[in-house]
Amino acid sequence: EFRNCWEEWGNDPNSWSGHSGILMTWVLHACDISNQAKPQQFCVQWTERCMTEFFVQGDKERKQGLPISPLCDRESTNIPLSQERFIDYIVLPTFKLLADMFLEVRTTCVPILEANRSWWSSQVPEGPVSQKSRRASLQELTNSNFPSPAP
């Protein structure tokens, strides 16, 4: 829906008057998925929190004999790859649309997203990964010493 509105009203927020609810809904959606648009140390911390929540859900599904939801299986989820794809298919397209409308998104959020996407890509293990090393990789990612965020 947002893309259709975008095509009709363009990238000037003033042209959205009378339709600001749609724009605000899209901005709220961007906020909801913005963990990957934060400096790397915060991005990884929030990824750990989200993945922990997903894995608890998957554990409950397994215990109840239900199919395990995507990204909720702690034994098979490749966290770096899941974050790389999350950025590619969900977060970056959302933020690139908003970047055409809001300078701050273009100059701050999109470069951080691209840097985090590159970093996650560098963390994707090659070859098969055991359950133990998947858990260890999240622990290592969380405990890594990250550079301080730029001022």
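Up top you'll find the structure we're talking about.
Quantities reported herein were computed from a predicted structural model and do not represent experimental measurements.

Criteria and thresholds
Residues numbered from 1 in each chain as written. Predicted model: local features only at pLDDT ≥ 70, side-chain atom pairs only at ≥ 80, totals over all residues. Heavy atoms only, no water. Salt bridge = Lys/Arg side-chain N within 4 Å of Asp/Glu carboxyl O. Helix = DSSP H or I, 4+ residues; strand = E, 2+ residues; numbered from the N terminus. Buried < 20%, exposed > 50% of the residue type's maximum accessible area, 1.4 Å probe, protein only. Expected span 1.5 Å × (residues − 1). Arc of directions from axis to C-beta. Contact = heavy atoms within 4.5 Å. Core = buried A, V, L, I, M, F, W, Y, C linked by side-chain atoms within 4.5 Å.

Draft legend 1. Expanded view of the pattern of salt bridges. Under the defined criterion, the tally for this structure stands at six salt bridges. For Arg74, the salt bridge goes to Asp59, with nearest N and O atoms at 2.7 Å. Placement of the pair is Arg74 in the loop between α3 (40-63) and α4 (79-99) and Asp59 in helix α3, with a sequence separation of 15 residues. Under the relative-accessibility criterion, Arg74 is labelled partly exposed at 23%.

Draft legend 2. Molecular detail of α3. Relative to the 34 Å expected for 24 residues at 1.5 Å per residue, α3 spans 34 Å between its end C-alpha atoms, a close match to the ideal helical length. Those residues of α3 that fall on the buried side of the exposure criterion are Gln40, Cys43, Val44, Thr47, Met51, Phe55, Gly58 and Glu61. Once α3 finishes, Gly65 follows within two positions and takes phi at roughly 75°, a positive value.

Draft legend 3. A look at helix α1 (residues 2-9). For α1, the full list of buried residues reads Phe2, Cys5, Trp6 and Trp9. Buried residues in α1, looked at end-on, bunch into an arc of 105°, giving them a common side. Exposed side chains of α1 directed beyond 90 degrees from the buried face belong to Asn4, Glu7 and Glu8. Elements in contact with the buried residues of α1: α2 (20-32) and α4.

Draft legend 4. Region of the structure containing the environment of Thr47. Inspection of the secondary structure assignment puts Thr47 in helix α3. By relative accessible area, which is 2% here, Thr47 ends up buried. It is 8.6 Å that separates the C-alpha atoms of Thr47 and Ile79, two residues lying 32 residues apart in sequence. With sequence-adjacent residues up to four places away left out, Thr47 is seen in contact with Gln36, Ile79, Gln83 and Trp120.

Draft legend 5. Local environment of the environment of Val27. With respect to the helices and strands, the residue Val27 is situated in helix α2. The exposure class assigned to Val27 is partly exposed, which follows from its relative accessible area of 26%. Remark: the alpha-carbon pair of Val27 and Phe95, spanning 68 residues in sequence, is separated by 9.1 Å. What Val27 contacts, discounting residues up to four positions off in sequence, is Leu98 and Phe102.

Draft legend 6. Representation of unusual backbone geometry within the structure. Unlike most non-glycine residues, Leu71 shows phi in positive territory, near 70°. Mapped onto the elements, Leu71 comes out in the loop between α3 and α4. Overall, Leu71 belongs to the partly exposed group, its relative accessible area being 39%.

Draft legend 7. Focus on the nonpolar core. With 28 residues, the main nonpolar core has Phe2, Trp16, Phe95, Val105, Leu113 and Trp120 as its most contacted residues. At the level of secondary structure, the elements contributing two or more residues to this core comprise α1, α2, α3, α4 and α5 (103-123). Other than its neighbours up to four places away in sequence, Phe2 contacts Trp16, Ile22, Leu23, Trp26, Leu97 and Leu98.

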